[in-house]
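Chains, contacts and geometry: an overview
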Amino acid sequence: VLGDTHFGVSSDSLIFHEYFAKFYAFLFNYIDLNNIKYIIQEGDLFDKRKIVNFLTLHRAKEMFFNECHKRGMKVFVIAGNHDCTYKNTNEVNSVKLLQESCMTVIDQYPQTVKIGNTTVDFYPWINESNYNQTVELSNNPKSKIAVGHFEFSSFPMHPGTMAETGLDHKLFKNYETVYSGHYHTISTKDNIIYTGTPYELNWSDCEDTKGFWIIDLDNEKTPEFIENPFKLYKKIVYTDRKSVV
């Protein structure tokens, strides 16, 4: 499970392209060693709502999608708010327009998808066009697990910054576990797990643990977190005062 990947972050910075490349080499090495066949990406695949830079698209294919194709992997991608052009509908979105053959895209309405021998309820970014369908499925879930790009209130968005607006997470109380992207730091409450981003994206992420998650859908084991060993930001603490003897 990958949280928000934000390809093209920081004005399509080349520094971030190189930083991301280190992580994806680490990710696919882990995938090869552990015979993993599926990736769930929790939304905000790309960073910008209305444009995708060609170099960013090239690097995303090179680092991520081509590596999935090589291994015959299936990738389930949810449309997040950064993927969608409009705020009241997910109808126009980058993940659908740029869909790769290895991808199953959940973009407009909640869907129940079979992965291996089990099912997962997927929820794309919630807005007025799909809110009723969201409530209907959450009240009568078809799976034990839900995955979405949720904006719940009273969860940390970044370390030290709490979300004051959003849905009540109790709307999804009927699930055993709910995995979500959107907020960039890892947190848990009740049955909700915000998985955080796989890597640092801005200064708010400095010294915040990043990585990806392993879920054994067949055996229902406790999810395992794999930490990203690569850091981008560092703090240097200094004083400009002379020491006093």
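This one's a predicted model, so the numbers in the text were calculated from it and none came from an experiment.

1. Overview of a nonpolar patch on the surface
A cluster of nonpolar residues, Tyr-86, Val-92 and Leu-97, forms a patch on the protein surface that exposes about 310 Å² of accessible area. Mapped onto the fold, Tyr-86 is located in the loop between strand S2 (74-78) and helix H4 (94-97). According to the relative accessible area criterion, Tyr-86 is partly exposed, its value standing at 45%.

2. Notes on the packing of aromatic side chains
Counted under the stated rule, the structure contains 33 aromatic pairs. Look at Tyr-19 and Phe-20: their rings are 6.1 Å apart centre to centre, the planes differ by 50 degrees, and that puts the pair in the tilted class. Ring geometry for Phe-150 versus Phe-152: centroids 5.0 Å apart, planes at 20 degrees, classification stacked. A cation sits over an aromatic face here: Lys-189 above Phe-155, 4.5 Å from the ring centre.

3. Observations concerning the sheet that holds S2
The 3 strands are arranged S1-S2-S3 in an open sheet whose pairing can be described as parallel. Unpaired on one side and paired on the other, strand S1 (38-41) and strand S3 (103-106) mark the two borders of the sheet. Averaged over neighbouring strand pairs, the angle between their axes works out to 15 degrees when direction is ignored.

4. Description of the pattern of salt bridges
Within this structure, the stated rule accounts for 10 salt bridges. One salt bridge connects Arg-71 with Asp-32, and the closest N-O pair in it is separated by 2.7 Å. Of the two residues, Arg-71 is situated in helix H3 (residues 54-71) and Asp-32 in helix H2 (residues 14-34); the sequence distance between them amounts to 39 residues.

Conventions we followed
Residues numbered from 1 in each chain as written. Predicted model: local features only at pLDDT ≥ 70, side-chain atom pairs only at ≥ 80, totals over all residues. Heavy atoms only, no water. Patch = residues over 30% accessible without salt bridge, like charges linked within 9 Å, V, L, I, M, F, W, Y side chains within 5 Å. Areas by Shrake-Rupley, 256 points an atom, 1.4 Å probe, with all protein chains shown as cover. Salt bridge = Lys/Arg side-chain N within 4 Å of Asp/Glu carboxyl O. Helix = DSSP H or I, 4+ residues; strand = E, 2+ residues; numbered from the N terminus. Buried < 20%, exposed > 50% of the residue type's maximum accessible area, 1.4 Å probe, protein only. Phe/Tyr/Trp six-rings, centres within 6.5 Å; stacked < 30°, edge-to-face > 60°. Lys NZ or Arg CZ within 6 Å of the ring centre and 35° of its normal. Pairing = 2+ DSSP bridges. Axes fitted to C-alpha atoms, helices over the stretch in contact; angles between N-to-C directions.

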